[in-house]
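The primary structure of each chain is shown beneath.
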Amino acid sequence: VKKDPEPARENKVIINRQNLNNEGIPFIPLYKAVDFKENISEEMKGRVEEALLEMGLLDALIIPEKYKDRVMVLNSEGADKYLFSTSKLFTYNLSEILRTEDIKISGINQEDVENVLASIFIDENDESTYINEKGQYSIGILKGTVTNTYVPKFIGIAARQKYREEQIEILSQELSDIETKIAEYDNEINELNSKLDALKKEFGSFPPNKDLLVVCK
């Protein structure tokens with residue numbers, strides 16, 4: 001089974017998501033719940049995904065509001081970030097850039113995702129979370145910028161598939177390089193063994209010590 005690429009996760013996050021599954025609490029990471037709209041440029045995709053990654057939102061979990069109290073008091077060794085969906089009326093928000101994917105997780109629907117997207121502005125707003133078209137972002141008093149060189153890897157099935165194929169190619173090349181090195185080492189070992197065999201034969205051709213003593217006398 002091919003596994004989708006995932007953002008790097010600490011062990012405490014993995015533990016927490018296992019606990020959520022055990023508790024029957026539905027969740028989906030933001031990046032898996034959305035895709036870019038067709039008219040969005042690759043440069044814009046990179047800026048938005050990188051901003052979401054830096055903000056800690058890309059892999060944050062969308063969870064219906066009714067589970068909020070249970071999630072926030074979940075007794076475990078895990079930790080995570082959550083996006084609780086509530087209805088918003090903001091006009092120029094992230095839904096201008098991202099659309100919801102088909103959600104196949106019981107307990108979560110497209111409205112949950114749309115409400116999260118509607119909670120993030122696409123313009124500077126001192127009182128709310130926002131990302132603007134330049135890649136600048138803010139969460140409350142925290143503000144930041146992105147590199148503008150980031151290549152999207154996680155938002156959208158096509159992006160994840162491309163990233164997976166690139167990683168396979170990289171790993172295949174690394175494996176090939178390792179196999180080449182092993183072959184080179186094998187050749188060196190064979191050469192050394194040949195030299196060792198030759199030295200043993202030369203050593204074996206010498207007369208025994210007692211014969212040498214007789215010759216010396």
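Small disclaimer: the values here were computed from a predicted structure and weren't measured. The residue count restarts for each chain, going from 1 along the sequence in the order it is written. Whole-chain, interface and lining totals are the exception, using all residues; otherwise, since this is a predicted model, local features are given only for residues with pLDDT of at least 70 and side-chain atom pairs are given and counted only at 80 or more. Heavy atoms from the whole structure form the basis of all side-chain values; hydrogens and water molecules are not counted.

(A) View of the overall build of the chain. Helix and strand definitions follow DSSP, with helices as H or I runs of at least four residues and strands as E runs of at least two, each counted in order from the N terminus. In terms of regular secondary structure, the chain is built from seven helices and eight strands. Relative accessibility decides the category of a residue: with a 1.4 Å probe and only protein chains considered, values under 20% of the type maximum give buried, values over 50% give exposed, and everything between is partly exposed. Buried residues in the chain amount to 36% of all 217 residues. In short, Shrake-Rupley with a 1.4 Å probe defines the accessible areas, and a residue's cover is counted only from the protein chains shown. When the accessible surface of the chain is summed, it comes to about 14,400 Å², and 51% of that surface belongs to carbon and sulfur atoms.

(B) Main features of the nonpolar core. For our purposes a nonpolar core is just a set of buried Ala, Val, Leu, Ile, Met, Phe, Trp, Tyr and Cys residues, chained together by side-chain atoms within 4.5 Å. Residues Leu30, Leu52, Leu94 and Leu98 are the most contacted members of the largest nonpolar core, which totals 34 residues. Only helix H2 (30–33), strand E2 (34–36), helix H3 (42–55) and helix H5 (110–117) provide two or more residues apiece to this core. Broken down by element, the residue count for this core peaks at five residues, all from H3. The contacts of Leu30, once residues within four sequence positions are left out, are Leu52, Leu57, Leu58, Ala60, Ile62, Leu83, Val116 and Leu117. Of all hydrophobic cores here, the second largest spans ten residues; its members include Leu20, Ile63, Tyr67 and Val71. In this analysis, two residues are considered to be in contact whenever any of their non-hydrogen atoms come within 4.5 Å of each other.

(C) Quick peek at the sheet that holds strand E3 (residues 61–64). Strand pairing is defined by DSSP finding a minimum of two bridges between the two strands. Taken together, the three strands give an open sheet; going across it, the order is E1-E3-E4, and neighbouring strands pair in mixed fashion. Each edge of the open sheet is held by one strand with a lone partner, namely strand E1 (28–29) and strand E4 (82–85). Pairing geometry for E3 and E4, over four bridges, is parallel. Bridge pairing in E4 links Pro64 to Ser85. Note on geometry: axes are lines fitted to C-alpha atoms, helical ones only across the stretch in contact, with angles between N-to-C directions running from 0 to 180 degrees. The sheet contacts of helix H1 (residues 11–23) involve E1, E3 and E4, and relative to E3 the element is tilted by about 25 degrees.

(D) Structural context of the pattern of salt bridges. Any Lys or Arg side-chain nitrogen located within 4 Å of an Asp or Glu carboxyl oxygen qualifies as a salt bridge. On inspection of all chains with the given rule, the structure shows eleven salt bridges. For Lys45, the salt bridge goes to Glu42, with nearest N and O atoms at 3.1 Å. Here Lys45 pairs with Glu42, and both are found in helix H3, just three residues apart, close to one helical turn. Salt bridges linked by common partners bring Glu6, Arg9, Arg17, Asp59 and Asp80 together as one network.

(E) Region of interest: H3. In a helix, the anticipated span is given by 1.5 Å times the number of residues less one. When the terminal C-alpha atoms of H3 are compared, their 20 Å separation across 14 residues agrees well with the 20 Å that a helix rising 1.5 Å per residue should span. If you check which residues of H3 are buried, you get Met44, Lys45, Gly46, Val48, Glu49, Glu50, Ala51, Leu52 and Met55. Turning to H3, the residues buried within the fold contact H2, E2, strand E5 (98–100), strand E6 (130–131) and strand E7 (137–139). A positive phi of about 85 degrees marks Gly56, the residue just after H3.

(F) Unusual backbone geometry, seen in detail. Look at Asn148: it is not a glycine, yet its phi comes out positive at around 70 degrees. Among the structural elements, Asn148 can be located in the loop between strand E8 (142–144) and helix H6 (157–205).

(G) Examining the pairing of E3 more closely. With burial as the criterion, each face of E3 is covered, one bearing Leu61 and Ile63 and the other bearing Ile62 and Pro64. Where E1 meets E3, two bridges bridge the pair, whose relative direction is antiparallel. Residue Ile28 lies in a different strand from E3, and its bridge partner there is Ile62.

(H) Geometry of H5. Of all the residues in H5, the buried ones are Asp112, Val113, Asn115, Val116 and Leu117. Taken together, the buried residues of H5 touch H2, E2, E3, E4 and E5. The N-cap residue of H5 is Asn109: its side-chain oxygen and the backbone nitrogen of Glu111 are 3.0 Å apart. Two N or O atoms form a polar contact when they lie within 3.5 Å of each other; inside protein one atom must be a possible hydrogen donor and the other a possible acceptor, and for residues adjacent in sequence the pair counts only when both atoms belong to side chains.

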